[in-house]
Amino acid sequence: MKAVVLYESRTGNTRRAAEYVAGAVQAAGGEVTIRPVDDPPMDDIANADIVFIGTWVDGAIIAGHRPGGQRNMNTLPGLWDIPVAGFMTYAVYPGKVTGALARYLEKKGASVVLARAFHRKRLPDGIAEFVADALAAAEVNLPSA
Ligand SMILES: Cc1cc2nc3c(=O)[nH]c(=O)nc-3n(C[C@H](O)[C@H](O)[C@H](O)COP(=O)(O)O)c2cc1C
């Protein structure tokens, strides 16, 4: 099983979350490549069973919550029909932003299997379950134990 983990991170929380995601994929027996979202490994993405994409929660009073770092996120390549799991880190309140991330990634052609948000101070709480649920939802074949 091959996975790619891409992250957009200003202050390191989402990068840390991405590292936990990559660790959980490896613990499940997968091979993983981890990179910033604006430096995507195209060959690895083309051969990936699943791509995890993480960013931070950017809140605006009028516009609501949205995926942070849009300038970098917009450099993402088309992800046609690749199973994608989105994750986000936040400080206080994530709103309904996981839905916004899923819609954003779907516009890139991704087949979004799951999107979840994680409190930056509580990492890695919930990451192992998120990865297990994403692999199951993407019907990724895991090596037998
Ligand atoms: C411009 C801006 C807006 C933010 N808006 C929110 C918000 O609405 N809700 C929230 O819980 N955190 C908000 N945060 C906090 C970040 O989402 C949080 O610190 C995140 O973990 C940062 O990830 P990073 O360290 O990978 O950059 C905001 C941060 C910035 C810079």
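Let me sum up the structure you'll find in this document. Not measured: the values here are computed from a predicted model. (Residues numbered from 1 in each chain as written. Predicted model: local features only at pLDDT ≥ 70, side-chain atom pairs only at ≥ 80, totals over all residues. Heavy atoms only, no water.)

Looking at the site of the ligand
Every one of the 17 residues lining the ligand counts as a neighbour, but Ser9, Thr11, Thr14, Val92 and Arg120 are closest to it. The separation between an oxygen atom of the ligand and a polar side-chain atom of Ser9 is 2.6 Å. Interatomic distance of 2.7 Å between a backbone N/O atom of Val57 and an oxygen atom of the ligand. For the ligand, whose unbound accessible area comes to 650 Å², protein coverage reaches 78%. (Near = heavy atom within 4 Å. Polar contact = N/O pair within 3.5 Å; in protein donor to acceptor, adjacent residues only side chain to side chain. Areas by Shrake-Rupley, 256 points an atom, 1.4 Å probe, with all protein chains shown as cover.)

Description of the packing of aromatic side chains
A full pass over the atoms with the stated rule returns 3 aromatic pairs. Ring geometry for Phe52 and Phe130: centres 5.8 Å apart, planes at 70°, overall edge-to-face. With Phe52 in strand β3 (residues 50-60) and Phe130 in helix α5 (residues 127-137), this residue pair connects regions lying 78 residues apart in the sequence. Relative accessible area serves as the criterion here: at 0%, Phe52 is assigned to the buried category. (Phe/Tyr/Trp six-rings, centres within 6.5 Å; stacked < 30°, edge-to-face > 60°. Helix = DSSP H or I, 4+ residues; strand = E, 2+ residues; numbered from the N terminus. Buried < 20%, exposed > 50% of the residue type's maximum accessible area, 1.4 Å probe, protein only.)

Details of helix α4 (residues 97-107)
Every buried residue of α4 is accounted for by Val97, Ala100, Leu101, Ala102, Tyr104 and Leu105. Residues of α4 that are buried sit in contact with β3, β4 (64-67), α3 (70-73), β5 (83-90) and β6 (111-119). (Contact = heavy atoms within 4.5 Å.)

Here's the deal with unusual backbone geometry
A cis amide bond links Leu123 to the next residue, Pro124, at an omega of 5°. Along the chain, Pro124 turns up in the loop between β6 and α5. Phi is positive for Asp81, which is not a glycine, with a value near 65°. Here Asp81 lies in the loop between α3 and β5. Although it is not a glycine, Glu139 sits at a positive phi angle of roughly 55°. Along the chain, Glu139 turns up in the segment after α5.

Honestly, it's all geometry; don't read function into it.
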